[in-house]
Amino acid sequence: MIELRKQIVFDEVIAGMLAAQCFHEKSLPRIAAVPASSEARYRELVDRGYLFLRFLPQCDWYRARLASPDDLGRLRLIAEESWFSDPSAADRSLATWAALDTLPDSHRHRVRQLVSDGLEVDSMQRRITLFGRSPGGPFTVLDGNHRMLALAHNVLVQGMPMEPLEVHLGLSFGPCRWHGDTVMWEERPPHDGRARFVLRTW
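Novice: Sorry if this is basic, but what is going on with the layout of surface pockets here?
Specialist: Any empty space left between atoms is shown by rolling a water-sized probe over those atoms. Of the voids in this model, the second largest pocket is the one considered here, and its volume is about 290 Å³. Gly 118, Leu 119, Met 124, Leu 151 and Glu 163 are the residues nearest the centre of the second largest pocket, which is lined by 15 residues in total. Listing elements by their share of the lining of the second largest pocket, those giving two or more residues are helix H6 (121–125) and helix H7 (145–157). Residues belonging to the lining of the second largest pocket are distributed by class as follows: 11 nonpolar, 3 polar and 1 charged.

Novice: When you look at the pattern of salt bridges in this model, what are you seeing that I'm missing?
Specialist: In a structure, side chains of opposite charge can pair up when their charged atoms sit close to one another. Here the structure, examined in full by the defined rule, presents 11 salt bridges. The partner of Asp 71 in a salt bridge is Arg 74, with the nearest N and O atoms 3.3 Å apart. A relative accessible area of 3% means that Asp 71 is categorised as buried. Using a relative accessible area of 24% as the deciding quantity, one classes Arg 74 as partly exposed. Here Glu 81 and Arg 177 are joined by a salt bridge, their closest N and O atoms 2.9 Å apart.

Novice: Mind showing me how you'd approach the nonpolar core here?
Specialist: Proteins that are soluble and globular tend to have nonpolar side chains buried together. Counting 51 residues, the largest nonpolar core has Leu 66, Leu 75, Leu 130, Met 148, Leu 149, Leu 151 and Leu 165 as its most contacted members. No other element matches the 6 residues that H7 contributes to this core. With sequence-adjacent residues up to four places away left out, Leu 66 is seen in contact with Ile 2, Asp 71, Leu 75, Leu 130, Met 148, Met 162, Glu 163, Pro 164, Leu 165 and Val 167.

Novice: Even after reading the chapter, I still don't get the pairing of strand S5 (residues 139–143), so can you show me in this structure?
Specialist: In terms of residue burial, S5 counts as a mostly covered element, since 5 of its 5 residues are buried. Across 2 bridges, strand S3 (residues 75–76) lies against S5 in parallel orientation. What sits directly across from Leu 75, in S5, is Phe 139. In this structure, strand S4 (residues 128–132) lies alongside S5, joined through 4 bridges in antiparallel fashion. Residue Leu 130 lies in a different strand from S5, and its bridge partner there is Val 141.

Novice: Please explain the sheet that holds strand S6 (residues 165–171) as it appears in this structure.
Specialist: The pairing of strands in a sheet happens through backbone hydrogen bonds and is either parallel or antiparallel. With mixed pairing, 6 strands are arranged side by side in an open sheet as S1-S2-S6-S4-S5-S3. The open sheet has two edge strands with one neighbour each: strand S1 (3–8) and S3. Where H7 meets the sheet, it contacts strand S2 (60–66), S3, S4, S5 and S6, and its direction lies at approximately 125° from that of S5.

Novice: Got a minute to help me understand the environment of Val 115 in this structure?
Specialist: Mapped onto the secondary structure, Val 115 falls in helix H5 (residues 105–116). As a C-alpha pair, Val 115 and His 153 span 38 residues in sequence and 8.0 Å in three-dimensional space. Non-local contacts of Val 115, meaning those with residues more than four positions away in its chain, are made with Leu 100, Ala 150, His 153 and Asn 154.

Novice: What am I meant to see in helix H1 (residues 10–19) here?
Specialist: For an α-helix the count is 3.6 residues per turn, leaving residues at separations of three or four pointing the same way. Of the residues making up H1, those classed as buried are Val 13, Ile 14, Gly 16, Met 17 and Leu 18. Among the residues trailing H1, Gln 21 stands out with phi positive, at a value near 60°.

Novice: When you look at H5 in this model, what are you seeing that I'm missing?
Specialist: In this model H5 runs 16 Å from its N-terminal to its C-terminal C-alpha over 12 residues, within 8% of the 16 Å that 1.5 Å per residue would give. Of the residues making up H5, those classed as buried are His 107, Arg 108, Val 111 and Leu 114. Considered in projection along H5, the buried side chains sweep an arc of 125° and stay on one side of the axis. Residues Ser 106, His 109 and Ser 116 are exposed on H5 and point more than 90 degrees away from its buried face. Just past H5, the residue Gly 118 takes up positive phi, approximately 80°.

Novice: Which parts of the structure should I look at to understand the packing of aromatic side chains?
Specialist: The way to describe two aromatic rings as a pair is by their centre distance and the angle between their planes. Under the counting rule described, the total for this entry stands at 2 aromatic pairs. Aromatic pair Phe 10 and Trp 61: ring centres 5.7 Å apart, planes at 25°, arrangement stacked. Of this pair, Phe 10 sits in helix H1 while Trp 61 sits in strand S2, and the two are 51 residues apart along the sequence. Residues Phe 84 and Trp 97 carry aromatic rings whose centres are separated by 5.5 Å and whose planes lie at 65° to one another, so their mutual orientation is edge-to-face. Remark: Trp 97 occurs in helix H4 (residues 94–97) and Phe 84 occurs in the loop between S3 and H4; sequence separation between them is 13 residues. Accessibility expressed as a relative area gives 15% for Trp 97, which makes it buried.

The rules behind the values
Residues numbered from 1 in each chain as written. Predicted model: local features only at pLDDT ≥ 70, side-chain atom pairs only at ≥ 80, totals over all residues. Heavy atoms only, no water. 1 Å grid on protein atoms, 1.4 Å probe; cavity = no way out; pocket = protein on both sides within 12 Å on 5 of 7 lines; lining within 4 Å. Points joined across faces, edges and corners; volume = space filled by probe spheres on them. Helix = DSSP H or I, 4+ residues; strand = E, 2+ residues; numbered from the N terminus. Nonpolar A, V, L, I, M, F, W, Y, C, P; charged D, E, K, R; others polar. Salt bridge = Lys/Arg side-chain N within 4 Å of Asp/Glu carboxyl O. Buried < 20%, exposed > 50% of the residue type's maximum accessible area, 1.4 Å probe, protein only. Core = buried A, V, L, I, M, F, W, Y, C linked by side-chain atoms within 4.5 Å. Contact = heavy atoms within 4.5 Å. Pairing = 2+ DSSP bridges. Axes fitted to C-alpha atoms, helices over the stretch in contact; angles between N-to-C directions. Expected span 1.5 Å × (residues − 1). Arc of directions from axis to C-beta. Phe/Tyr/Trp six-rings, centres within 6.5 Å; stacked < 30°, edge-to-face > 60°.

As structure tokens, this is what we get:
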């Protein structure tokens, strides 16, 4: 079972995601340095990951440790359309995709590059972020899907030893789109003649 080591505040998770370039896109510049204040870090995350945050429920956050191939077997790829045509119905188990052959081309090339580079220490020191319901899993990889697939390929397919890996883990009973849950929108009174909807997170 994945070991929960210490409960942390969301700001630490934000800093980890920004340092890992979680929301880096060609249209956005790379983050040169993680902002110094918690307010600036949150603004940076909102600017880069607004939709991501909209579908993430309130969580209790922890530093956790993955230490065995069994821990990798509890992980799932993010339920997102660039990975799966129907994420809610797909088998997202990391072990299922660890051979890499049937991944979408764009993701397969990136993972194979990580494998070819030997999963450099720097890439694995950048924090992986997971989401789940309970410490027993399963857990969805919110950030670090390519790196975790490369690690799963090395450990589960190639039989290489696994070094313990520190991650951030969010636990929540709220529905999370990235975990494959159905999310619901509630209508609110109109504003300036326009309909309004909010995401139900509980």
